[in-house]
Amino acid sequence: MVCVASERTIGRTVVPASTVPVWPLIALMVMAELGQIFGYHIRHIEEEPSHQLQQDLMDFIDLVPFEDVQRLMQYYYHYDVEVESAFDYVSTEDYTQIRLDIVNLGEVRSFRRYLDSIGFSVEKVWTELNKRFDADDIFAEPDESVRMLNLTTRGLNGLVDDILALLPQDEIILLFFDKLETSNDFSFFFEQIGSGEFENVLNTLQSSQQLRILLWRLQRHGFDIPGWIQLVQKYFSFSSF
């Protein structure tokens, strides 16, 4: 899974399992999708806000039941061969090199610079996620509470589906609309990711042939990142609103 960050042994070499910070970007794309789904009118902010967007984003992160997610991932790792293989692949030099290649792509760097310019720091969001999630627990032997989950596992895509099922969907969407109404920072940010400039930057990123090749290499090991983004978008498009 993309949020696995641990250290595993490969032969005699210990390789840090660095990860691509994909989930913050997935969350960003879902926010943009929500606006299209509900056709919500964003109030225009004349001046740049007071840079409190980070706290707004933390309010969303605080809705994630991280303990339940960790237990679910631990179960999948120990009882699903595809997930075990994928998680172990994260510890390889090949994965680490692909991650570095993605991070260093000009299109990715431009995309992240744009996000920074509108107040969305991928690094800060990723840091906050890691504070709330101890990936090392995934690899520990499951205790009785984990074994009692007794789930039918369905590989990495099934894991993503099951993680989505744990999220408080209605609370997330209610908070989303509340932030649009009450937070100038969030409204300004959301206005920017609905702009033509953001669309151009995103289209450039998605059109990168090098990025497609690197994502394809990850997909061969089960990491279907474009597919996961579609799963998240589909999940929120069938909300109760």
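Residues numbered from 1 in each chain as written. Predicted model: local features only at pLDDT ≥ 70, side-chain atom pairs only at ≥ 80, totals over all residues. Heavy atoms only, no water.

## Section: the overall build of the protein
The criterion, for reference: Segments assigned H or I by DSSP are reported as helices when at least four residues long, segments assigned E as strands when at least two residues long, and all are numbered from the N terminus. Each residue is placed in one exposure class: buried if its accessible area under a 1.4 Å probe, protein chains only, is under 20% of its type's maximum, exposed if it is over 50%, and partly exposed if it falls in between. Contacts are residue-level and defined by heavy atoms, with any inter-residue pair within 4.5 Å sufficient. Exposure was quantified through the Shrake-Rupley algorithm and a 1.4 Å probe, taking into account, for residues, occlusion by the shown protein chains and nothing else.
Check the secondary structure of the protein and you find 15 helices and two strands. Scored against the burial criterion, the 241 residues of the protein give a buried share of 48%. Pairs at least 24 apart in sequence give 86% of the contacts found in the protein among residues at least 6 apart. Roughly 12,400 Å² of accessible area belongs to the protein as shown, and the carbon and sulfur atoms make up 49% of that amount.

## Quick notes on the pattern of salt bridges
Here is the rule we go by: The term salt bridge refers to a side-chain nitrogen of Lys or Arg lying within 4 Å of a carboxyl oxygen of Asp or Glu.
If you walk through the whole model with that rule in mind, you get eleven salt bridges. For the salt bridge of Asp62 with Arg132, the shortest nitrogen-to-oxygen distance reads 3.0 Å. One end of the pair, Asp62, is in the loop between α2 (53–61) and α3 (66–79); the other, Arg132, is in helix α7 (residues 122–132), with 70 residues separating them in the sequence. Exposure remark for Arg132: the relative accessible area of 29% places this residue in the partly exposed category. Here Asp94 ties to Arg217 by a salt bridge, and the two come within 3.0 Å at their closest N and O atoms. With Asp94 in helix α5 (residues 93–104) and Arg217 in helix α14 (residues 209–219), this residue pair connects regions lying 123 residues apart in the sequence. The exposure class assigned to Arg217 is partly exposed, which follows from its relative accessible area of 27%. Each of Asp62, Glu128, Lys131 and Arg132 takes part in one network of salt bridges that share partners.

## So, the packing of α3 against helix α4 (residues 81–89)
The cut-off we apply is this: Axis definition: a line fit to C-alpha positions, over the contact stretch in the case of helices; interaxial angles, taken between N-to-C directions, run 0 to 180 degrees. Roughly parallel refers to an angle under 35 degrees, roughly antiparallel to one over 145, roughly perpendicular to one between 65 and 115, and oblique to any angle outside these ranges. In this count, Pro and Cys sit with the nonpolar residues alongside Ala, Val, Leu, Ile, Met, Phe, Trp and Tyr, while Asp, Glu, Lys and Arg are called charged and the others, Gly among them, polar.
Packing of α3 against α4 brings their axes to within 5 Å, and their N-to-C directions diverge by 100°. Taken together, the axes of α3 and α4 lie roughly perpendicular to each other. Contacts between α3 and α4 pair Met73, Tyr76, Tyr77 and Tyr79 from the former with Val81, Val83, Glu84, Phe87 and Asp88 from the latter. Considering only residue class, the contact of α3 with α4 consists of seven nonpolar, no polar and two charged.

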